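Observations on the three-dimensional arrangement
Now for the letters of each chain:
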Amino acid sequence: MKTITIRTQSHTYPVYIGYKTALKQFHYWIKSLPKTQNIIVITSPKINPLYKIGNFKKIIIADDEKNKNLKTAQKVIHQLICLKADRHTLLVAFGGGVIGDLTGFIASIYLRGIPFVSIPTTLLSQVDSSIGGKCGINFPQGKNLIGSFYHPKAVFCDPSFLRSLSERDFKSGLGEIIKYSILDRSLYKDLLQHKKEILERKPDILEKIIFKCLQIKKKYIECDEKDYSKRHALNLGHTVGHALETSTHYCHLTHGEAIAQGLYFASALSLKKKLCRQKTAKQIHALLRQYEFYPQKISSQVFSHITQDKKRMGTVIPWILIKDIGTVCQYPLPILSQENLERIKSWKAHKEIAGTLTLNDIRLNSD
Ligand SMILES: NC(=O)c1ccc[n+]([C@@H]2O[C@H](COP(=O)([O-])OP(=O)(O)OC[C@H]3O[C@@H](n4cnc5c(N)ncnc54)[C@H](O)[C@@H]3O)[C@@H](O)[C@H]2O)c1
Ligand SMILES: [Zn+2]
């Protein structure tokens, strides 16, 4: 089993990564707590019958993205009160990113903050959402618009949970992993070399990939815990990704699928802004295709949702764009006008990269 220690200004906590060992570590860790400690597991109707994690009190909530909202948080808080949860109660988030985000958010506000640990059960939550302290929930106007920074006491990433994940949910994690590979060339090479083992969910390679992604994320969250500067790099692909999710009411795309579309857009925009070479954009395009993410047309309606982007600064969106594989930069652009939104309607990112559509077909406000 591998361990990573996350050290931010406000908190230090361990992340255990190991096939069939991280869950054992959870049981070992729990034993170190006082016998009187009230422990409540928050999980979903899908995960609960699949895995037995112990004889704990449970709150079971539907974990679709559209339930990651205030109404669900309120229901859970009501159940916590019924279960007599006090300030020493430990919450255990047992599920994917939706369960993790909701549990972290509730832990941060219930009685002004109670402890929680995380046992992520999806690829996406193991490589990304389980660390970093962001606990966001959705609001009709935008994704993760409400939330807090609140860290778990410990995280237990056991890739054995990934066996039961559907193809689509597994692939969703790959969307976020491809994002990490654009931030780190060594991971990019791993994804090119080990596609077969990754798709076959071989424990060794999954452990390696999860460990690498968490190490990359650790670097950003430790130097910029509250996401004011360097951590913005992790937002690569998310400006368009979040707008896609919001505009489709979280019904059509998984988070990772939306991020993959955001990566197509970010690489094409980087090319248009002459930040990267055509070769780099093509490499990213090829990797996305290799993992069966294909570019979709992005409508102007999606772009209108970008105006709600949490990272916007007044009328400017600080895009994260790509210079090369392993190097990204912040590139502020004014929010698109209606006229430019109409122009962009006809833009297909894949044609852009393939060179069949001229770069002049897209005009942004700053041109
Ligand atoms: N907090 C952060 O820093 C951060 C980062 C990235 C993403 N997120 C959030 O994470 C969420 C997406 O997370 P996700 O991709 O884990 O999706 P998810 O939590 O919606 O889970 C996807 C599906 O997989 C099922 N599932 C979970 N574990 C399973 C298992 N072991 N076997 C079978 N089915 C299982 C769930 O019941 C659900 O139906 C989004 O809301 C996104 O905004 C948060
Ligand atoms: Zn994400």
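Up top is the structure.
All right, on to the site of ligand 1 then. Around ligand 1 there are 27 residues in total, and Asp-63, Glu-65, Thr-121, Thr-122 and Lys-143 lie nearest to it. Contacts to ligand 1 include Asp-63, whose side-chain N or O atom sits 2.6 Å from an oxygen atom. In this structure, a nitrogen atom belonging to ligand 1 sits 2.9 Å away from a side-chain N or O atom of Asp-101. Alone, ligand 1 offers 870 Å² of accessible surface; in the complex the protein occludes 91% of this. Residue assignment for the shell around ligand 1 shows that the elements contributing at least two residues are α3 (97-109), α4 (123-129), β8 (142-149) and α5 (167-183). When grouped by side-chain class, the residues that make up the shell around ligand 1 number 7 nonpolar, 9 polar and 11 charged.

Right, let's get into the packing of helix α6 (residues 185-193) against helix α11 (residues 278-290). Between α6 and α11, the least distance of the axes is 10 Å, while the angle of their chain directions is 45°. Relative to α11, the element α6 lies oblique. Here α6 and α11 pass one another in a crossing that is left-handed. Residues Tyr-188, Leu-191 and Leu-192 of α6 lie in contact with α11, whose contacting residues are Gln-283, Leu-287 and Gln-290. Taken together, the residues of the contact of α6 with α11 break down into 4 nonpolar, 2 polar and no charged.

As a further point, take the coordination of the zinc ion (ligand 2). Only Glu-176 (OE), Glu-176 (OE), His-238 (NE2) and His-255 (NE2) from the protein reach the zinc ion (ligand 2) as donors, at distances of 2.1 to 2.8 Å. One can describe the donor arrangement at the zinc ion (ligand 2) as irregular, given that its 4 donor atoms subtend angles of 50 to 132° at the metal. Between consecutive donor residues of the zinc ion (ligand 2), the sequence gaps follow E-x61-H-x16-H. In this pair, Glu-176 is assigned in helix α5 and His-255 in helix α10 (residues 255-272), connecting sequence segments 79 residues apart.

On to the nonpolar core. Membership of the largest hydrophobic core comes to 65 residues, with the highest contact counts inside it found for Val-15, Leu-123, Ile-177 and Trp-319. Looking at which element gives the most residues to this core, the answer is helix α8 (residues 203-223), with 10 residues. Each of domain 1 (2-166) and domain 2 (236-361) accounts for three or more of the residues forming this core. The contacts of Ile-177, once residues within four sequence positions are left out, are Leu-123, Val-127, Leu-187, Leu-191, Ile-209 and Cys-213.

What follows deals with the pairing of strand β10 (residues 316-324). For a regular strand, side-chain orientation follows a simple rule: the groups alternate between the two sheet faces. Bridge analysis of β10 against strand β11 (residues 327-334) gives 8 bridges, and the strand direction is antiparallel. The residue of β11 that forms the bridge with Val-316 is Pro-334. Count of turn residues in the β10/β11 antiparallel hairpin: 2 residues, of which Gly-326 carries a positive phi of about 105°.

This part covers the pattern of salt bridges. Inspection of the entire model under this criterion finds 15 salt bridges. Of the charged contacts, one joins Lys-68 and Asp-101 as a salt bridge, the two residues approaching to 2.8 Å between their closest N and O atoms. In this pair, Lys-68 is assigned in the loop between β4 (57-60) and α2 (70-82) and Asp-101 in helix α3, connecting sequence segments 33 residues apart. The exposure classification of Lys-68 matches that of Asp-101, with both residues buried. Among the salt bridges present, the one from Arg-168 reaches Glu-257, with a minimum N-O distance of 2.7 Å. You can see Arg-168 sitting in helix α5 and its partner Glu-257 sitting in helix α10, a full 89 residues away along the chain. Here Arg-168 falls in the partly exposed class, since its relative accessible area comes to 41%.

Rules behind the numbers
Residues numbered from 1 in each chain as written. Chains lettered and ligands numbered in written order. Predicted model: local features only at pLDDT ≥ 70, side-chain atom pairs only at ≥ 80, totals over all residues. Heavy atoms only, no water. Near = heavy atom within 4 Å. Polar contact = N/O pair within 3.5 Å; in protein donor to acceptor, adjacent residues only side chain to side chain. Areas by Shrake-Rupley, 256 points an atom, 1.4 Å probe, with all protein chains shown as cover. Helix = DSSP H or I, 4+ residues; strand = E, 2+ residues; numbered from the N terminus. Nonpolar A, V, L, I, M, F, W, Y, C, P; charged D, E, K, R; others polar. Axes fitted to C-alpha atoms, helices over the stretch in contact; angles between N-to-C directions. Parallel < 35°, antiparallel > 145°, perpendicular 65-115°, else oblique. Left-handed = near helix turned anticlockwise from the far one by under 90°. Contact = heavy atoms within 4.5 Å. Donors = N, O, S within 2.8 Å, 3.2 Å for Na, K, Ca; no water. Tetrahedral: all angles 85-135°; square planar, octahedral: opposite > 155°, others 65-115°. Core = buried A, V, L, I, M, F, W, Y, C linked by side-chain atoms within 4.5 Å. Buried < 20%, exposed > 50% of the residue type's maximum accessible area, 1.4 Å probe, protein only. Domains from an automatic or database assignment. Pairing = 2+ DSSP bridges. Salt bridge = Lys/Arg side-chain N within 4 Å of Asp/Glu carboxyl O.

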